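Per-entry structural report
Residue strings, one per chain:
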Amino acid sequence: MPEERVGDRLKRFLARYEPFATRLLLLGIFVTGLIAQFVKPVGDALQGKAFLGGALLSLVAYVLYDTVKDLAAALRSPTRMQVKSRELGSFVTEAFEARSAEISFLGYTGETLYNALYHRLEGFFDDPGPTRKVSIRFLVPDFRQPMTVPSRVGEHGVPEDDEEFRKRLESKCQEYDRSLSAIAQRLTMLGRVTAECEYRFYQGIPRDKVCIFNRELVLHGLYDVTARTMGFSSEPEYYDPKGYQTDLNVWSRKDNEDSKVAVATWNKHFDDLWSLADIPPWHRGAPV
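Thresholds, definitions, all that
- Residues numbered from 1 in each chain as written.
- Predicted model: local features only at pLDDT ≥ 70, side-chain atom pairs only at ≥ 80, totals over all residues.
- Heavy atoms only, no water.
- Core = buried A, V, L, I, M, F, W, Y, C linked by side-chain atoms within 4.5 Å.
- Buried < 20%, exposed > 50% of the residue type's maximum accessible area, 1.4 Å probe, protein only.
- Helix = DSSP H or I, 4+ residues; strand = E, 2+ residues; numbered from the N terminus.
- Contact = heavy atoms within 4.5 Å.
- pLDDT = per-residue confidence, 0-100.
- Axes fitted to C-alpha atoms, helices over the stretch in contact; angles between N-to-C directions.
- Parallel < 35°, antiparallel > 145°, perpendicular 65-115°, else oblique.
- Left-handed = near helix turned anticlockwise from the far one by under 90°.
- Nonpolar A, V, L, I, M, F, W, Y, C, P; charged D, E, K, R; others polar.
- Pairing = 2+ DSSP bridges.
- Polar contact = N/O pair within 3.5 Å; in protein donor to acceptor, adjacent residues only side chain to side chain.
- Salt bridge = Lys/Arg side-chain N within 4 Å of Asp/Glu carboxyl O.
- Phe/Tyr/Trp six-rings, centres within 6.5 Å; stacked < 30°, edge-to-face > 60°.

Before going further, it helps to examine the nonpolar core. Side chains of a nonpolar character, in soluble globular proteins, are inclined to be buried together. Grouped together as the largest cluster of nonpolar side chains are 44 residues, with contacts concentrated most on F96, L117, V134, F138, F213 and L219. Broken down by element, the residue count for this core peaks at eight residues, all from helix α6 (residues 163–190). When neighbours within four sequence positions are excluded, F213 is seen to be in contact with L88, F91, V92, A95, E102, I103 and L219.

What follows is the structure, encoded as structure tokens:
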């Protein structure tokens, strides 16, 4: 598990002891008000005339504290539990509101996220907003290796490895890496934003689609690994997952403890895969 930050420990401490401290303070005001009202030396020392009213008000606040707290929690907008892949753009925009933005992807080719990132990064040349550092990481399957998905659909639906199809997919990833790395290098040269982008290869088929934003928000879904791409009548079918059709479950560190654990677990899992992944020979940017 990643090392817990001081800010996280402080938030957890406040969340745990704030209700008790608030109740203790309100009860203390109530008791002090009553004593000041009926014990003359204390009242004279505090030089107050409205202790009883203040004490009663603090007692009412003490009694209503839980109700008000529960109402505030109920009115707080909850994180959506599931989103469409085509909604990634809004999460990218929100991630870039931070001074240091980190976006990580685990999946197929990253096309949906690439489309969401490209124009928003281009907009940094006009106005980077508060962002001063950007780190983007893509983990995609090692298309250099034989695979069952993606693959050609053989007789009776049996997957057959297709080297040419894999090469086309790798070329697509190379194009995305080149485009984003070029923007990142230009932004860094201008000096307003330090930006990095890198693709790496993991071993296995594209099963999970994971997007992590600023290590605070995780979107996770499962590809339909049996989805097919149909070409012209003379062309074969391919097992080719459709990332833009993938629904994504949402976990946020701002939600409950279970969500915090899920976010921490996905961050560690991605970092571990990243450390083990191969760097493609065509990557031009500096490693992240």
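And the narrative resumes.
On average, residues of the protein carry a pLDDT of 81, and 69% of them reach 70 or more. Note on residues 1–8: pLDDT under 50 across the span, and ten contacts to partners over four residues away in sequence or across chains. Counted against residues more than four places away or in other chains, residues 48–53, with its pLDDT under 50, gives nine contacts.

Where helix α5 (residues 111–122) contacts α6, the two axes come as close as 11 Å, and the packing angle between them is 20°. Here α6 runs roughly parallel to α5, going by the angle between their axes. Our pair here, α5 against α6, has a crossing hand that is left-handed. Residues E111, Y114, L117, Y118, L121 and E122 of α5 pack against K172, Y176, S179, L180, I183, R186 and L187 of α6. The residue inventory of the contact of α5 with α6, partitioned by class, reads eight nonpolar, one polar and four charged.

Residues of strand β11 (residues 247–252) alternate between two faces, with L248, V250 and S252 buried on one and D247, N249 and W251 left unburied on the opposite face. Note: strand β1 (residues 82–84) against β11, three bridges, orientation antiparallel. Following the sheet pairing, Q82 is matched in β11 by N249. Note: strand β8 (residues 217–222) against β11, four bridges, orientation antiparallel. Within the sheet, the bridge partner assigned to L217 lies in β11 and is S252.

Attention now goes to the sheet that holds strand β10 (residues 238–239). What links the strands of a sheet is backbone hydrogen bonding, and the strands pair in either a parallel or an antiparallel sense. Read from one edge to the other, the open sheet built from four strands follows the order β5-β4-β10-β9, with strand pairing classed as antiparallel. Both edges of this open sheet fall to β5 (159–160) and β9 (228–229), since each of them pairs with a single strand only. Relative to β10, β9 runs antiparallel, the two sharing two bridges. Each residue of the ladder has a partner; that of T229, found in β10, is Y238.

Okay, the side chain of S181 next. Mapped onto the elements of the fold, S181 is located in helix α6. Among the residues examined, S181 registers a relative accessible area of 4% and is labelled buried. Within the structure, S181 has its side chain in polar contact with the backbone oxygen of D177 (distance 2.8 Å).

So, on to the sheet that holds β11. Across the sheet, which stays open at both edges, the seven strands sit in the order β1-β11-β8-β7-β2-β3-β6 with mixed pairing between neighbours. In this open sheet, the two strands that pair with only one neighbour each are β1 and β6 (194–202). Between one strand and the next, the sheet's axes are offset by a mean angle of 15°, whatever the strand orientation. With respect to the sheet, helix α4 (residues 88–95) is in contact with β1, β2 (100–106), β7 (208–213), β8 and β11, its orientation differing from that of β7 by roughly 30°.

Once that is clear, we can look at the pairing of β8. Among the six residues of β8, five are classified as buried, and the element is accordingly described as predominantly covered. Taking the residues that link successive antiparallel strands as the turn, the β7-β8 hairpin has three residues, and the phi of N214 there is positive, at about 55°.

Within the secondary structure layout, N267 lies in helix α7 (residues 257–276). Apart from the residues within four sequence positions on either side, N267 is in contact with I212 and R215.

Here we take up the pattern of salt bridges. For the coordinates displayed, the defined rule picks out 19 salt bridges. Between D272 and K268 there is a salt bridge; the shortest N-O distance is 2.7 Å. Linking D272 with K268, this pair stays in helix α7, spanning four residues, or about one helical turn. Judged by its relative accessible area of 33%, D272 falls in the partly exposed class.

Evaluation of the coordinates by the stated rule reveals eleven aromatic pairs. Ring geometry for Y108 versus Y223: centroids 6.2 Å apart, planes at 70°, classification edge-to-face. Of this pair, Y108 sits in the loop between β2 and α5 while Y223 sits in the loop between β8 and β9, and the two are 115 residues apart along the sequence. Judged by its relative accessible area of 7%, Y223 is buried. Taking the centre distance of 4.2 Å and the plane angle of 20° together, the rings of Y114 and Y176 count as stacked.

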